[in-house]
Every structure is written in C-alpha cells, then in structure tokens.
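# Structure at a glance
Below are the chains, spelled out letter by letter.
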Amino acid sequence: MHAAMQSWRARDSKPTDIMNKQARIFVAGHRGLVGSAVVRRLRALGYEQLLLAERRALDLTRQADVEAWFAAHRPEVVIMAAAKVGGIHANNSYAADFIRDNLAVQTNVIDAAYRNGTRKLTFLGSSCIYPKHAPQPMSEDSLLTGPLEPTNEWYAIAKIAGIKMCQAYLRQYGFDAISLMPTNLYGPGDNFSLENSHVLPALMRKIHEAKQAASNSVVVWGTGTPRREFLYVDDLADAVVFLTQGYSGAGPVNVGVGTDITIRELAELIGRVIGFQGELVFDTTKPDGTPRKLLDVSRLHALGWRASTTLEAGLRRTYEWFCANESQLRR
Ligand SMILES: NC(=O)c1ccc[n+]([C@@H]2O[C@H](COP(=O)([O-])OP(=O)(O)OC[C@H]3O[C@@H](n4cnc5c(N)ncnc54)[C@H](OP(=O)(O)O)[C@@H]3O)[C@@H](O)[C@H]2O)c1
C-alpha cells in the first residue's frame with residue numbers, strides 16, 4: 001500500500017458501533033433520489049427508528065424550525081441527503097438560490113445535530129467540488145487546488161463549505177461528521193424533467209419519447225465523446241450506510257465505480273435497454289462540458305467497499321421505474 005494511504009487510514013479510519021438497529025436515524029431529504037434510496041437500504045437492513053420529515057413539515061432553510069425539530073427528536077445519526085440539486089441549466093439560471101439554499105440547509109442541520117447530541121453525521125457533497133482541471137481520476141487530495149467549473153461554482157462552493165464545516169466541527173468539538181463525494185448518480189426516483197435533469201435521465205426520457213412517437217432519430221447534445229462515470233443510487237445508499245457505520249475522519253471519501261464511459265456509449269446502451277431502433281444524431285453545436293470526469297476510488301476501496309450493480313442492470317431497473325411512474329413525472 002502507498003505510504004500516504006497507510007498514514008491516512010491509520011489517522012482517519014476507526015470503526016464505530018453507532019449504526020445499531022435501534023438508532024434513531026434522521027434521513028434529511030428522504031423523498032429525493034438519494035434520500036429515498038438510503039431509506040430503502042436502511043429498511044432492508046432492519047433499521048426501524050427512521051426519522052423523516054417532509055419539506056412542508058420542516059423547511060431545512062429555516063434555522064429556528066430546524067433547531068426546534070432537533071431539540072424535539074434528538075436523532076442519534078443524521079444522513080444529509082437534502083440539498084438543492086440540478087443540472088447545468090438550473091445551476092446557471094438560479095445561482096443565488098443554489099448557493100443560499102445549500103449553505104442554509106447544511107449549516108442549520110450540521111449545527112443543530114452537533115448541539116442536540118447527534119453522534120454521527122454523514123454529509124453528501126458531489127464530484128463538482130473538484131477543480132475543473134483536476135488530474136483524472138480525481139483524488140480527494142485535489143480539493144481546493146484550482147478554479148472550479150464556472151457553471152456550477154455556486155453549488156460547488158456551498159458543498160465545499162459543507163465539507164469544511166464537518167472538518168471544523170470535528171476539529172473544534174470532536175463531532176463525528178464525515179463527508180462523502182458521490183459521482184453522478186441515477187436510479188429509481190431520479191428527476192426526469194427535460195429542463196432540469198442530469199444527462200442520464202434526460203437521455204432516457206428523450207429516447208423513450210422518440211420510441212413512443214416512432215421517430216427514426218434522437219438528437220443528443222454535444223459530440224458524444226466526453227467520458228462520465230455513473231453509480232446506481234442503491235449502490236450509493238449501501239456505501240452511505242457502510243461508511244456511516246465504519247468510517248470516521250476529516251478526509252472526504254469519493255464514492256464511485258472507478259470506471260467511465262462516453263456519452264455516445266451511454267446513449268447507445270440506453271437505446272438498447274429501451275428497445276429504440278432509430279439513429280442517434282449528435283448536435284455538435286451544443287457544448288460538451290469537460291472531456292472527462294472520473295473519481296479516484298482507491299480510498300473507498302481501501303475502506304472495503306465496491307459498487308456491485310452493472311450499468312446495464314441499473315439502467316434496466318431505472319427504466320422499469322420510469323415506465324411505472326411516467327404519468328406523474330415533472331415535464
Ligand atoms: N443526483 C446526483 O447525481 C448526485 C451526485 C452526487 C451527489 N449528490 C448529492 O446527493 C444529495 C441528494 O441529491 P439528490 O439527487 O437525491 O437530490 P434530490 O432528488 O433533488 O433530493 C433532494 C431532497 O432534498 C430535499 N430538500 C431540498 N431543500 C430542502 C429544504 N429546504 N427543506 C427540506 N428538504 C429539502 C428535497 O425535498 P423536496 O422533495 O420537497 O423537493 C428532496 O427530497 C445532494 O447533496 C447531492 O449533492 C447527488
């Protein structure tokens with residue numbers, strides 16, 4: 001093992017018994033893509049004391065409400081899957097909303113958790129926290145080594161502040177808060193709206209609608225050459241539970257699969273899963289984004305966790321969910 005990794009493991013990784021089956025666990029954002037998968041995973045493992053609060057009952061941007069809720073419920077474990085999330089268009093158009101809401105939600109929850117005796121908090125960041133030109137695959141050590149991708153820097157800056165809050169609360173108060181950085185996620189419960197969604201659900205919806213309309217072609221934005229990594233959300237949920245119970249330390253941990261594919265390969269695979277016979281047309285006048293975004297998952301693997309769902313299997317399950325829920329999805 002690399003010497004730096006050895007010293008990192010010795011310093012940062014220690015087992016904890018916090019996730020006993022009777023623990024009161026607050027999953028913030030339980031109706032979202034990640035939160036709903038974490039709830040599924042916890043229930044499957046036999047956790048019964050889940051604390052869940054819908055936004056209309058508890059708006060996490062409201063500090064006084066968050067403090068009162070934590071004082072009343074005193075969760076022992078907090079999994080932070082609540083955030084204002086969106087694709088390039090949403091990030092670009094609603095810069096103020098993205099930075100304000102994310103800073104408010106995470107500041108309120110992390111502080112209230114610490115003040116009300118929470119024993120473990122898991123904060124979720126995102127791969128967009130790393131510099132635009134970080135060496136690939138992107139290691140946790142590239143954090144704050146260069147400028148961010150400008151289109152989502154509002155969101156990324158908020159998420160970096162969340163990591164730093166976890167580190168600061170650990171350093172000053174000994175609060176056991178950890179940060180996990182998931183790669184691009186997909187799965188049941190994803191946002192399939194054409195305007196605000198990420199690339200995978202947007203492609204799935206477009207190709208599905210082209211098939212329904214018996215169209216001979218689908219237009220895909222960009223050249224199809226950028227490479228991206230995709231993790232099935234139930235695998236992420238498994239990693240979240242695994243690391244919440246087994247990892248403590250200041251260092252963020254990337255959560256990904258460790259391999260990537262081109263957007264063209266992804267669109268072709270989605271086409272096969274859907275049974276679309278038409279042609280994919282690449283609109284090269286549209287922007288490609290960064291050529292490659294892949295997480296270095298050696299820290300995650302050293303901690304003993306690996307993704308297990310293949311992209312094809314994950315896409316099939318996601319498409320089943322999409323078809324079953326199509327009538328209720330946002331445009
Ligand atoms: N999706 C990805 O590809 C991806 C990749 C990397 C990291 N992540 C991280 O994973 C986390 C969750 O993302 P996601 O994809 O699951 O997002 P999501 O599907 O949009 O879910 C976010 C959840 O947060 C809730 N929420 C947002 N603002 C709130 C507020 N003010 N008060 C109460 N609840 C609020 C939402 O409630 P409503 O249901 O009421 O809207 C929703 O349930 C985020 O931290 C994100 O950075 C996601």
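This text follows the structure it describes.
Here's what I pulled together on the structure shown here. (Residues numbered from 1 in each chain as written. Predicted model: local features only at pLDDT ≥ 70, side-chain atom pairs only at ≥ 80, totals over all residues. Heavy atoms only, no water.)

### Looking at the site of the ligand
Near the ligand, the surroundings consist of 25 residues, among which Leu33, Val34, Tyr155, Lys159 and Leu185 are the closest. The contact in question runs from an oxygen atom of the ligand to an N or O atom on the backbone of Val34, over 2.7 Å. Here Lys159 contributes a side-chain N or O atom positioned 2.7 Å from an oxygen atom of the ligand. When the free accessible area of the ligand is taken as 890 Å², the share hidden by the protein chains comes to 85%. Elements that contribute at least two residues to the shell around the ligand include exactly helix H2 (33–44), helix H6 (153–173) and strand S6 (184–186). Residues that form the shell around the ligand fall into these classes: 13 nonpolar, eight polar and four charged. (Near = heavy atom within 4 Å. Polar contact = N/O pair within 3.5 Å; in protein donor to acceptor, adjacent residues only side chain to side chain. Areas by Shrake-Rupley, 256 points an atom, 1.4 Å probe, with all protein chains shown as cover. Helix = DSSP H or I, 4+ residues; strand = E, 2+ residues; numbered from the N terminus. Nonpolar A, V, L, I, M, F, W, Y, C, P; charged D, E, K, R; others polar.)

### Notes on the pattern of salt bridges
The final tally for this structure, using the stated rule, is 16 salt bridges. A salt bridge links Asp283 to Lys286; the shortest N-O distance between them is 3.5 Å. For Lys286, a relative accessible area of 29% corresponds to the partly exposed category. Between Glu312 and Arg316 there is a salt bridge, with its nearest N and O atoms 2.7 Å apart. Of this pair, Glu312 and Arg316 both sit in helix H11 (residues 311–325), separated by four residues, roughly a single helical turn. Its relative accessible area of 33% is what places Glu312 among the partly exposed residues. Overall, the relative accessible area of 37% leaves Arg316 in the partly exposed class. (Salt bridge = Lys/Arg side-chain N within 4 Å of Asp/Glu carboxyl O. Buried < 20%, exposed > 50% of the residue type's maximum accessible area, 1.4 Å probe, protein only.)

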